[in-house]
Amino acid sequence: MGCVSSKHVVKHPPGYEDPIILASETAFTVHEVEALYELFKKLSFSIIKDGLIHKEEFQLALFRNSNRKNLFADRVFDLFDIKNNGVIEFGEFVRSLSIFHPNTPKAEKIAFAFKLYDLRQTGYIEREELKEMVLALLDESDVFLSNDIVETIVGNTFVQADLNGDGKIDLDEWREFVKKNPSLIRNMTLPYLKDISMAFPSFVMHSEGSDDPDMT
């Protein structure tokens, strides 16, 4: 009869992927992916404890408050949730964080930022979407600007970015706009992802210190 193996089997949560495979498909090394797994476990057991990151846990990591609602946080969560099943699995977590790695090509960062503003996923950034995101970013930073100033920011952005004047910004126009305003994706690079600690990276795009006066 066959012998029974006594080897200990490590049980991983749903969506777990081999660090070697993830390292081959992202900007991370195997060691960095293993460190990210420790961080992922910490986050995914912070509230619901099922080995998956739920929106409340994601908001707790971003804002230290699981109940705070913010369009910016919702949008980042949705982009991390590649399978659109309401949770972030480990593979999704690593692949999405890889966008913020210093070694990731700028083109990938630009495309991710475009998706962030394309709230209705139409392939374009429309004026109302841009305004909603500007307001969300200001709210996250506890900054209040009058509606007139926000409209000016949105208007100036469209004057510069909407090259064909059709009232919306496509990906090619966005690329050109970012090329002229590189500060827009400055926070798409997190240097400490090269030296991962047990602190969750902040993706918050603070308006203070920006050298682009036309867009937050």
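Note that the coordinates shown come from a computational prediction; the quantities given were computed from them, not determined experimentally. Residue numbering note: each chain is counted from 1, following its sequence as written. Since the coordinates come from a predicted model, pLDDT governs what is reported: local features require at least 70, and pairs of side-chain atoms require 80 or more to be given and counted, while whole-chain, interface and lining totals use all residues. By convention in this description, side-chain values take in all heavy atoms of the structure and omit both hydrogens and water.

1. A word on the nonpolar core
Residues enter a nonpolar core if they are buried and are Ala, Val, Leu, Ile, Met, Phe, Trp, Tyr or Cys, with the set joined through side-chain atoms within 4.5 Å. Only protein chains enter the accessibility calculation, which uses a 1.4 Å probe; a residue is then buried when its area is under 20% of its type maximum, exposed when over 50%, and partly exposed in between. In terms of nonpolar packing, the biggest core is built from 53 residues, with Phe58, Phe80, Phe93, Phe100, Tyr117 and Trp174 touching the most fellow members. For the purposes of this description, domain bounds are those given by an automatic or database domain assignment. If you count residues domain by domain, this core takes at least three from each of domain 1 (14-100) and domain 2 (106-188).

2. A short note on the UniProt feature "domain: EF-hand" (unreviewed entry) in the protein
UniProt positions are given in the numbering used here, feature names are shortened, and annotations may be inferred rather than shown by experiment. As recorded in UniProt, the sites labelled "domain: EF-hand" (unreviewed entry) are residues 68-103, 105-140 and 149-184. Helix and strand assignments come from DSSP, with helices taken as H or I runs of at least 4 residues and strands as E runs of at least 2, each series counted from the N terminus. Taken end to end, residues 105-140 is 72% helix and 6% strand, and its two terminal C-alpha atoms sit 27 Å from one another. The span residues 149-184 carries 64% helix and 6% strand; its end-to-end C-alpha distance comes to 19 Å.

3. A word on helix H2 (residues 30-44)
Each helix should span, by expectation, one fewer than its residue count multiplied by 1.5 Å. In a regular helix each residue adds 1.5 Å, so 15 residues correspond to 21 Å; H2 covers 21 Å between its end C-alpha atoms and thus fits that length. Of all the positions in H2, only Glu32, Val33, Leu36, Tyr37, Leu39, Phe40, Leu43 and Ser44 are classed as buried.

4. As for the packing of H2 against helix H5 (residues 90-98)
Geometry is summarised by axes, namely lines fitted to C-alpha atoms with helices restricted to the contacting stretch, and by angles between N-to-C directions that run from 0 to 180 degrees. Interhelical geometry of H2 versus H5 gives an angle of 120 degrees and a closest axis separation of 10 Å. With respect to H5, the axis of H2 lies oblique. By crossing handedness, the relation of H2 to H5 is classed as right-handed. Counting all contacts with H2, which are made through Val33, Leu36, Tyr37, Leu39, Phe40 and Leu43, the residues of H5 involved are Phe90, Phe93, Val94 and Leu97. In terms of residue class, the contact of H2 with H5 is made up of ten nonpolar, no polar and no charged. Working definition: roughly parallel below 35 degrees, roughly antiparallel above 145 degrees, roughly perpendicular at 65 to 115 degrees, and oblique for all remaining angles. Crossings are classed by handedness, with left-handed meaning an anticlockwise turn of the near helix from the far one by less than a right angle and right-handed meaning a clockwise turn. Contact criterion: two residues are considered in contact whenever any of their non-hydrogen atoms come within 4.5 Å of each other. Classes in brief: Ala, Val, Leu, Ile, Met, Phe, Trp, Tyr, Cys and Pro nonpolar; Asp, Glu, Lys and Arg charged; the others, Gly included, polar.

5. Examining helix H8 (residues 147-161)
Over its 15 residues, H8 runs 21 Å from end to end, which matches the ideal 21 Å to within 8%, given 1.5 Å per residue. Tucked inside the fold, the buried residues of H8 contact strand S1 (125-126), helix H7 (127-140), strand S2 (168-169) and helix H9 (171-180).

6. Here we look at the confidence of the model for the protein
Confidence in the prediction for the protein averages 85 pLDDT; 83% of positions are at 70 or higher. Scored from 0 to 100, pLDDT reflects the predictor's confidence in each residue. Per-element mean pLDDT across the protein ranges from 85 in helix H3 (residues 55-63) up to 98 in S2.

7. Quick look at the packing of aromatic side chains
The geometry of an aromatic ring pair comes down to the distance between the two centres and the angle between the two planes. Ring pairs are drawn from Phe, Tyr and Trp, using the six-membered ring of Trp, whenever the two centres fall within 6.5 Å, and their geometry is named by plane angle: stacked under 30 degrees, edge-to-face over 60, tilted for the rest. Under the counting rule described, the total for this entry stands at eleven aromatic pairs. Between Phe40 and Phe93 the ring centres are 5.5 Å apart and the planes differ by 55 degrees, which places this aromatic pair in the tilted class. Of this pair, Phe40 sits in helix H2 while Phe93 is found in helix H5, placing the two residues 53 residues apart along the sequence. There is no split in this pair, since Phe40 and Phe93 are both buried. Between the aromatic rings of Phe100 and Phe112, the centroid separation amounts to 5.5 Å while the plane-to-plane angle is 75 degrees, which identifies the pairing as edge-to-face. Here Phe112 lies in helix H6 (residues 106-117) and Phe100 lies in the loop between H5 and H6, a separation of twelve residues in the sequence. Overall, the relative accessible area of 9% leaves Phe112 in the buried class. Among the aromatic side chains, those forming a connected cluster through ring pairs are Tyr16, Tyr37, Phe40, Phe90 and Phe93. Charges are assigned to positions over rings by a cutoff of 6 Å between ring centre and Lys NZ or Arg CZ, combined with an angular limit of 35 degrees from the ring normal. One cation-aromatic arrangement involves Arg127 over Phe158; the distance from NZ or CZ to the ring centre is 5.3 Å. The ring of Tyr124 is capped by Lys168, whose NZ or CZ atom sits 4.1 Å from the centre of that ring.

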